[in-house]
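# Breakdown of the fold
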Amino acid sequence: MKKNALTLTVVANMTSNYGEGMGNIASVQKVFKNRHVYSMRSRESLKNAIMVSSGMYDDLQTEGSGGTNKVVNQKKVDKDLNASNCRALEGGYMNTTNSTYIRKSSFYITDAIACESFVNENRFHNNLYLATNLAKSKKINLQDKAGEAGLMPYQYEYDKSLKVYSITIDLEMIGKDANFENEEGYQEASNEEKANRVNSLLSAVENLSLVVKGNLDNAEPLFVVGGLSERKTHYFENVVKVKDNKLVLCDDLCDKISKGFYVAMLKGETFDNESEVVQKLNPISVTTFFDKVRQDVNEYYGV
């Protein structure tokens, strides 16, 4: 059975994204499972960050539809601009401008869920310097007329912790758009372009960086496992766990790795059982891991 999918499961130290706020209070997104509350970064936020970081959104074109009071933004799609020649459409689209065109994403990402239950950490801020500057220019007393000076205290929950997420790419679907056909059938990118798209996604995961509330967040993989797979699913999603800051080294994880997959770890005492991980899994470096996977992708597409 040919390996037509690429799957990775990653442990990274990253911040959460934010959900709906109440007034001047911003709350991180959370999920409830196993009778505990865990912070998370949503799959939509992760997917957008990866598309931007990979350069896949560099050729994105959008258009608006609807009335003057409500405009619906959507990715521009037509017979001359589709997933075969526009990288930005690789993540899927639905366009209803004239006819309705729907193409599913070529890759799927899970939510990045924290390994430990959420502990609330509030950060308190204000715009005192700006308000003081405005009060001075208006020649008013900041304490007496704080509202007129625009003084605004605010707070938000902060979370940066180990989180686990998975990404799986359908290698057969990359660069193809079945909604539009030419004389040779459906439109399709070259194998070289397909390999470049997949490798761009891999590089984005390898060097993922996020900006949240003014904080620059290095979300590179601390532990990653995966490679080309026969199954188009998150193959390692159920066996990569971190408990009490230790990577869980279960037999099922070892068995799955032995079926032709790579495993890598960034050595820096992130996990309390790092020496045990090295002894049992013999991980390669993260850089070597992604180099090997990119080489496998090139061989798959014959470039």
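Above: the structure in question.
Here is a short report on the structure shown in this document.

### Let's talk about the side chain of Ser-166
Within the fold, Ser-166 resides in strand β13 (residues 160-170). Judged by its relative accessible area of 1%, Ser-166 is buried. There is a polar contact of 2.8 Å between the side chain of Ser-166 and the side chain of Thr-9. Excluding residues that lie within four positions of it along the chain, Ser-166 makes contacts with Leu-8, Thr-9, Tyr-108, Ile-109, Thr-110, His-234 and Glu-237.

### What to know about unusual backbone geometry
Look at Arg-35: it is not a glycine, yet its phi comes out positive at around 65 degrees. By the secondary structure assignment, Arg-35 is in the loop between β3 (30-33) and β4 (36-41). One non-glycine residue, Glu-269, lies in the positive phi region at around 60 degrees. Structurally, the position occupied by Glu-269 is in the loop between β21 (262-265) and α6 (274-281).

### Structural notes on the sheet that holds strand β12 (residues 153-157)
Here we have three strands laid out as an open sheet, ordered β2-β12-β11, and mixed in their pairing. With partners counted over all chains shown, the strands left at the sheet margins are β2 (25-26) and β11 (122-126), one partner each. Where β11 and β12 come together, five bridges link them in antiparallel fashion. Considered in β12, the bridge of Phe-124 is made with Gln-155.

### Comments concerning the packing of aromatic side chains
Under the definition given, this model contains eight aromatic pairs. Pairing Tyr-235 with Phe-261 gives two aromatic rings, centres 5.2 Å apart and planes at 25 degrees, and the pair type is stacked. Placement of Tyr-235 in the loop between β18 (221-229) and β19 (242-243) and of Phe-261 in the loop between α5 (251-257) and β21 is noted, with a sequence separation of 26 residues between them. By relative accessible area, which is 11% here, Tyr-235 ends up buried. With a relative accessible area of 10%, Phe-261 lands in the buried category. In this structure, Lys-30 packs its charged tip against the face of Phe-118, placed 5.1 Å from the ring centre. Directly above the ring of Phe-107 sits Lys-47, whose terminal nitrogen or CZ lies 5.2 Å from the centroid.

### Some points on helix α4 (residues 191-206)
Compared with the 22 Å implied by 1.5 Å per residue over 16 residues, the 22 Å span of α4 between its first and last C-alpha is a close match. Looking only at α4, the buried set comprises Lys-194, Ala-195, Arg-197, Val-198, Asn-199, Ser-200, Leu-201, Leu-202, Ala-204, Val-205 and Glu-206.

### Thoughts on the pairing of β12
One ladder, built from two bridges, connects β2 with β12; its direction is parallel. From the neighbouring strand, Ile-25 faces β12, where its bridge partner is Gln-155.

### Quick word on a negative patch on the surface
Where like charges cluster on the molecular surface, the negative patch consists of Glu-116, Asp-244, Glu-269 and Asp-272. Checked against the element boundaries, Glu-116 lands in the loop between β10 (112-114) and β11.

### Description of the pattern of salt bridges
One pass over the structure, following the stated rule, counts 15 salt bridges. Between Arg-43 and Asp-111 there is a salt bridge whose closest N-O contact spans 3.7 Å. Taken together, the positions of Arg-43 in helix α1 (residues 43-54) and Asp-111 in the loop between β9 (107-109) and β10 put the pair 68 residues apart, joining distant regions of the chain. Using a relative accessible area of 43% as the deciding quantity, one classes Arg-43 as partly exposed. The exposure class of Asp-111 is partly exposed, given its relative accessible area of 22%. Between Glu-193 and Arg-197 there is a salt bridge whose closest N-O contact spans 2.8 Å. With Glu-193 and Arg-197 both in helix α4, this residue pair falls four residues apart, about one helical turn. Through salt bridges that share partners, Arg-87, Glu-90, Arg-103, Glu-193 and Arg-197 make up one connected network.

About the cut-offs
- Residues numbered from 1 in each chain as written.
- Predicted model: local features only at pLDDT ≥ 70, side-chain atom pairs only at ≥ 80, totals over all residues.
- Heavy atoms only, no water.
- Helix = DSSP H or I, 4+ residues; strand = E, 2+ residues; numbered from the N terminus.
- Buried < 20%, exposed > 50% of the residue type's maximum accessible area, 1.4 Å probe, protein only.
- Polar contact = N/O pair within 3.5 Å; in protein donor to acceptor, adjacent residues only side chain to side chain.
- Contact = heavy atoms within 4.5 Å.
- Pairing = 2+ DSSP bridges.
- Phe/Tyr/Trp six-rings, centres within 6.5 Å; stacked < 30°, edge-to-face > 60°.
- Lys NZ or Arg CZ within 6 Å of the ring centre and 35° of its normal.
- Expected span 1.5 Å × (residues − 1).
- Patch = residues over 30% accessible without salt bridge, like charges linked within 9 Å, V, L, I, M, F, W, Y side chains within 5 Å.
- Areas by Shrake-Rupley, 256 points an atom, 1.4 Å probe, with all protein chains shown as cover.
- Salt bridge = Lys/Arg side-chain N within 4 Å of Asp/Glu carboxyl O.
- Lys, Arg positive; Asp, Glu negative; His and termini not counted.
- Charge placed at Lys NZ, Arg CZ, Asp CG, Glu CD.

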